[in-house]
Amino acid sequence: MKPLDWLFLALSLFLTVGTAWVVLAPSDAPLRIEVQDPEGTFLYPLNENRIIEAVGPLGVTEIHVEDGHVWVHDSPCTNKVCLAMGVIHDSGQFVSCLPNRVFVRISGGAANQEGPDAGVW
Amino acid sequence: MRESGKPVRTDLVAFFGALSLFFATLEYLFPKPIPFFRLGLSNLPLLVSLGFFSFREQLLLLLLKVVGTGIVNGTLASHVFLFSSGASLASFIVMYGLFRLIPARYLSLTGISLAGALASNAVQILLAITLVYGPASGVVAPWYFGLGTFTGLAMGWGATQFQKHSKWLERLRRGS
């Protein structure tokens, strides 16, 4: 590694940590689901079971919400990366379907509220 | 096509373009941790050829890579192609510029690869926020930059090793 290699490595790490700091910052707002499709952004509470249909250029992406867990159940895209992303349940997590232009994320609340407040050894 | 009286080596550029397509297809073997993220394997031929292709040859190789992968992946007529071409162009400009402007004693292919990954990911995030999804998609940024750091290092290391040890590349360099 040469001097400027270290500079670009440091810059990459700085951007990783910096953007994580901004994106995962805790919020006072209640936990909610943000569904973004070409029509706009739609907000849903995380604690109510429902099936959300987001309409994109390829068709309908079906999103399931059950017991605080969210996942893409079906999508008309070819590669199905959104289905493979699995279940999200915590603030800051997301699932998206690029070909159908649908983006789902959980926002609000402090990230990972179920975790311990402190640890001692 | 000529540059400073030197003919463009279309057969060699086509060969490197084919390598790019091969690597782009290989990427399908690896699971994608986040949507539209790429390992950047198809950038290896671009990185390795920085030393002996002219600007026009590099640009032609980039065009082959972008359009070729668009055809192979079936995304040529979709907005996904916008991501791919925007990211590839940004990455190429940064990598080529750094290679030409910074002496090799200060910057190796690893740093160039890291900078290329950084430019590519930054452009994809900006395109996602401004044109495709909106501000909420900024949540992918830490994943992109984090994974991009890892893949940028890996690709840079791979390209460096190939440049050091490949006799085939050495013969090409001497012939150019």
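Everything quoted here is computed from the prediction, not taken from an experiment.

**Concerning the overall build of chain A**
Broken down by element type, chain A carries 2 helices and 7 strands. Listed N to C, the secondary structure of chain A is α-β-β-β-β-β-α-β-β in terms of helices and strands. For chain A, the C-alpha radius of gyration of 17 Å lies well beyond 14 Å, the compact-globule estimate for 121 residues. For chain A, buried positions account for 37% of its 121 residues. Considering only contacts in chain A between residues 6 or more positions apart, those separated by 24 or more positions represent 32%. For chain A, the accessible surface area stands at approximately 7,000 Å², while carbon and sulfur atoms represent 59% of it. Here chain A carries 6 positive and 14 negative side-chain charges, and the mean point of each set is 11 Å from the other.

**Topic: the pairing of strand E5 (residues 69–74) of chain A**
Residues and elements named next belong to chain A. For strand E4 (residues 59–66) and E5, the ladder comprises 5 bridges, and the chain directions are antiparallel. Opposite Val65, over in E5, you have Val70 as the bridge partner. Where E4 hands over to E5, the hairpin turn is made up of 2 residues, of which Asp67 adopts a positive phi near 50°.

**Structural notes on the sheet that holds E4 of chain A**
All names here are of chain A. If you trace the 3 strands from one edge of the open sheet to the other, you get E3-E4-E5, paired in antiparallel fashion. Edge positions in the sheet fall to strand E3 (50–56) and E5, since each of these pairs with one other strand and no more. Neighbour-to-neighbour, the strand axes of this sheet turn through a mean angle of 30°, independent of strand direction.

**Focus: the pattern of salt bridges**
Summed over the entire model, instances satisfying the criterion amount to 4 salt bridges over all chains. Note that Arg32 of chain A is salt-bridged to Glu34 of chain A, the shortest N-O span being 3.8 Å. In this structure, Arg9 of chain B and Glu57 of chain B form a salt bridge, with 2.7 Å as the shortest nitrogen-oxygen distance. Taken together, the residues Arg9 of chain B in the loop between strand E2 (6–7) and helix H1 (10–26) and Glu57 of chain B in helix H3 (residues 55–73) connect sequence positions 48 residues apart. Accessibility classification places Arg9 of chain B together with Glu57 of chain B in one group, the buried group. Via salt bridges that share partners, Arg32, Glu34 and Arg105 of chain A belong to a single interconnected network.

**Topic: the nonpolar core**
The nonpolar side chains of soluble globular proteins are, as a tendency, buried together. Phe16, Leu47, Phe52, Phe53 and Ile112 of chain B are the most contacted members of the largest nonpolar core, which has 30 residues in total. For this core, the elements supplying multiple residues, two or more each, are helix H1 (3–23) of chain A together with H1, helix H2 (44–48), H3, helix H4 (79–101), helix H5 (109–132), helix H6 (141–165) and helix H7 (167–175) of chain B. With 5 residues, H4 of chain B is the single largest residue contributor to this core. Setting aside anything within four residues of it in sequence, one finds Phe53 of chain B in contact with Arg9, Leu12, Val13, Phe16, Gln58, Leu61 and Arg100 of chain B. The next biggest cluster of nonpolar side chains, apart from the first, holds 18 residues, and it includes Leu46, Val65, Cys82 and Ile106 of chain A.

**Some points on the interface of chain A and chain B**
With 29 residues of chain A at the interface, the matching set in chain B holds 37 residues. Around 2,800 Å² of area is buried between chain A and chain B when both sides are counted, 74% of it from carbon and sulfur atoms. Here chain A and chain B share 0 salt bridges between them. Linking chain A with chain B are 7 residue pairs in polar contact (both at pLDDT 80 or more). Looking at the side of chain A that touches chain B, the elements that each hand over two or more residues are H1, strand E1 (32–37), strand E6 (94–97) and strand E7 (102–107) of chain A. Per-element tally for the side of chain A that touches chain B: the top contributor is H1 of chain A, with 13 residues. In terms of residue class, the side of chain A that touches chain B is built from 18 nonpolar, 6 polar and 5 charged.

**Some remarks on the packing of aromatic side chains**
Residues and elements named next belong to chain A. Following the criterion strictly, the structure yields 12 aromatic pairs over all chains and no others. Plain terms: the ring middles of Phe94 and Phe103 are 5.7 Å apart, the flat faces sit at 10° to each other, and that makes the pair stacked. Classification of Phe103 as buried rests on a relative accessible area of 1%.

**Quick look at unusual backbone geometry**
All names here are of chain A. The residue Asp67 is not glycine, and still its phi comes out positive at about 50°. Although it is not a glycine, Arg101 adopts a positive phi angle of roughly 55°. Following the sequence through the fold, Arg101 ends up in the loop between E6 and E7.

**Re the environment of Gly152 of chain B**
Take Gly152 of chain B: it is sitting in helix H6. With sequence-adjacent residues up to four places away left out, Gly152 of chain B is seen in contact with Thr110, Ser113, Leu114 and Ala117 of chain B.

**What to know about the sheet that holds E1 of chain A**
Residues and elements named next belong to chain A. The 4 strands are arranged E2-E1-E7-E6 in an open sheet whose pairing can be described as antiparallel. Edge positions in the sheet fall to strand E2 (40–45) and E6, since each has one partner strand and no second. Geometrically, the sheet is characterised by an average inter-axis angle of 15° between neighbouring strands, direction not taken into account.

About the thresholds
Residues numbered from 1 in each chain as written. Chains lettered and ligands numbered in written order. Predicted model: local features only at pLDDT ≥ 70, side-chain atom pairs only at ≥ 80, totals over all residues. Heavy atoms only, no water. Helix = DSSP H or I, 4+ residues; strand = E, 2+ residues; numbered from the N terminus. Rg over C-alpha atoms; globule rule 2.2 N^0.38 Å. Buried < 20%, exposed > 50% of the residue type's maximum accessible area, 1.4 Å probe, protein only. Contact = heavy atoms within 4.5 Å. Areas by Shrake-Rupley, 256 points an atom, 1.4 Å probe, with all protein chains shown as cover. Lys, Arg positive; Asp, Glu negative; His and termini not counted. Charge placed at Lys NZ, Arg CZ, Asp CG, Glu CD. Pairing = 2+ DSSP bridges. Axes fitted to C-alpha atoms, helices over the stretch in contact; angles between N-to-C directions. Salt bridge = Lys/Arg side-chain N within 4 Å of Asp/Glu carboxyl O. Core = buried A, V, L, I, M, F, W, Y, C linked by side-chain atoms within 4.5 Å. Buried area = accessible area lost by both parts, 1.4 Å probe. Polar contact = N/O pair within 3.5 Å; in protein donor to acceptor, adjacent residues only side chain to side chain. Nonpolar A, V, L, I, M, F, W, Y, C, P; charged D, E, K, R; others polar. Phe/Tyr/Trp six-rings, centres within 6.5 Å; stacked < 30°, edge-to-face > 60°.

So, to be careful, I would describe these as geometric facts and stop short of saying anything about function.
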